[in-house]
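Coordinate analysis (summary)
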Amino acid sequence: QAAPTNLLGRLLGGRRRDPATYPAMLDALAPWSGPDAPAEPHRVVLVLTTSGSTGRPKRVPLTLGNLVAQAQTMGRRLAMGEDARVMNLSPMIHVDGVTALFIALWTGGTLVRPEPFSIPRLQDTLDALYRYRVTHLVVVPTVLSLFLRLGQRVREALSTDDLRCIVSTGAPLPEGLHREVESLAGAPVVNMYGLTETGNVLFAGPDDGTRVPGTVGEPVDVEVRVVAGELQVRGPSVMPGYLVDAGEDCGLD
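Residues numbered from 1 in each chain as written. Predicted model: local features only at pLDDT ≥ 70, side-chain atom pairs only at ≥ 80, totals over all residues. Heavy atoms only, no water.

Our next topic: the overall build of the chain. On a plain count of helices and strands, the chain comes out with seven helices and eleven strands. Split into buried and exposed, the 253 residues of the chain put 41% on the buried side. Residue pairs in contact within the chain that sit at least 24 positions apart in sequence constitute 60% of those at least 6 positions apart. Summed over all atoms, the accessible surface of the chain reaches about 14300 Å², with 55% contributed by carbon and sulfur. (Helix = DSSP H or I, 4+ residues; strand = E, 2+ residues; numbered from the N terminus. Buried < 20%, exposed > 50% of the residue type's maximum accessible area, 1.4 Å probe, protein only. Contact = heavy atoms within 4.5 Å. Areas by Shrake-Rupley, 256 points an atom, 1.4 Å probe, with all protein chains shown as cover.)

Here it is, written out as structure tokens:
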């Protein structure tokens, strides 16, 4: 083997690729053949912190079964399959941002995150959306409001045959904003509702029957009821319970 001439090669000492490390390990992997049922559905694989419902931080354990259920719901409802290219602009500290990685892995699609999202580089984000032929754009309503300020440039970026829908999550989506973005983009806007504790469980869209601006749509793969002004949710995507002490009743090692 010839001596390395570049800096990276010299730092690595000119060693050959170890088949047990990335990216050489990819050569030994079998082609994607679709998702299987999780071997340990009750095992906790992700713990997030949220204060959305009480203002007091709480630790939320999510099991492998919870994440699989969320991925299956998103895949079916939003037609996220192996041909999907999903641009999710939610930060990785948010449940929608971090679970996007798992959803893409489970459905076999592609997650597009070209760079950290920032307002000064909003035009770069739109350029990436067009360049990577994004099929699903997942954003919060605030970003949709910013899009409207760019006018024609947004229309040019979003008016493609590839874009199937724009997904709004993380905050209430006003009726007027929903209608304006849909008119500008020419693609349906889907409003999702959920919590860190439940995953996204209500969907307004993408079908015409449930895509009613100003609403959160219908429950999907869960049971819901309203009790004393509170929305109660039961289903496979819902967490097993708040984590009080590390590992308590949650299967953590």
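Mean pLDDT over the chain: 84, with 83% of residues reaching 70 or higher. Between residues 246-253, whose pLDDT stays under 50, and residues either more than four places distant or in other chains, the model counts eleven contacts. (pLDDT = per-residue confidence, 0-100.)

Scanning the model with the defined rule gives eleven salt bridges in all. The residue Arg77 makes a salt bridge to Asp207 at a minimum N-O spacing of 3.2 Å. Of this pair, Arg77 sits in helix H2 (residues 64-78) while Asp207 is found in the loop between strand S8 (199-204) and strand S9 (218-219), placing the two residues 130 residues apart along the sequence. Ionic pairing is found between Arg133 and Asp162, a salt bridge with its closest N-O pair at 3.3 Å. Here Arg133 is found in the loop between helix H4 (122-131) and strand S5 (136-139), whereas its partner Asp162 is found in the loop between helix H6 (152-158) and strand S6 (165-168), with 29 residues between them in sequence. (Salt bridge = Lys/Arg side-chain N within 4 Å of Asp/Glu carboxyl O.)

Our next topic: the packing of H4 against helix H5 (residues 141-150). With their axes 11 Å apart at the nearest point, H4 and H5 run at an angle of 90° to one another. One finds that H4 runs roughly perpendicular with respect to H5. From H4, Leu122, Gln123 and Leu126 reach across to H5, where they touch Leu146, Phe147 and Leu150. For the contact of H4 with H5, a count of residues per class yields five nonpolar, one polar and no charged. (Axes fitted to C-alpha atoms, helices over the stretch in contact; angles between N-to-C directions. Parallel < 35°, antiparallel > 145°, perpendicular 65-115°, else oblique. Nonpolar A, V, L, I, M, F, W, Y, C, P; charged D, E, K, R; others polar.)

The nonpolar side chains of a soluble globular protein tend to be buried with one another. Residues Met87, Leu137, Leu144, Phe147, Leu158 and Ile166 are the most contacted members of the largest nonpolar core, which totals 27 residues. Counting only elements with at least two residues in this core, the list comes to H4, S5, H5, H6 and helix H7 (175-185). When sequence neighbours within four positions are dropped, the list of residues in contact with Leu137 reads Met87, Leu89, Leu129, Phe147, Leu158, Leu163, Cys165, Ile166 and Val167. Counting residues in hydrophobic clusters, the runner-up holds 26 residues, among them Leu62, Met74, Met80 and Trp106. (Core = buried A, V, L, I, M, F, W, Y, C linked by side-chain atoms within 4.5 Å.)

Two strands pair when backbone bridges link them, and strand S10 (residues 223-227) and strand S11 (residues 230-234) are joined in this way by five bridges, in the antiparallel orientation. Each residue of the ladder has a partner; that of Val224, found in S11, is Val233. (Pairing = 2+ DSSP bridges.)

Before going further, it helps to spend a moment on the packing of H2 against helix H3 (residues 95-107). At a minimum axis separation of 9 Å, H2 and H3 run at an interaxial angle of 70°. Relative to H3, the element H2 is oriented roughly perpendicular. Crossing of H2 over H3 shows right-handed handedness. For the pair formed by H2 and H3, the contact residues are Leu64, Leu67, Val68, Gln70, Ala71, Gln72, Met74 and Gly75 on the first element and Thr99, Phe102, Ile103, Trp106 and Thr107 on the second. Residue composition of the contact of H2 with H3, by class: eight nonpolar, five polar and no charged. (Left-handed = near helix turned anticlockwise from the far one by under 90°.)

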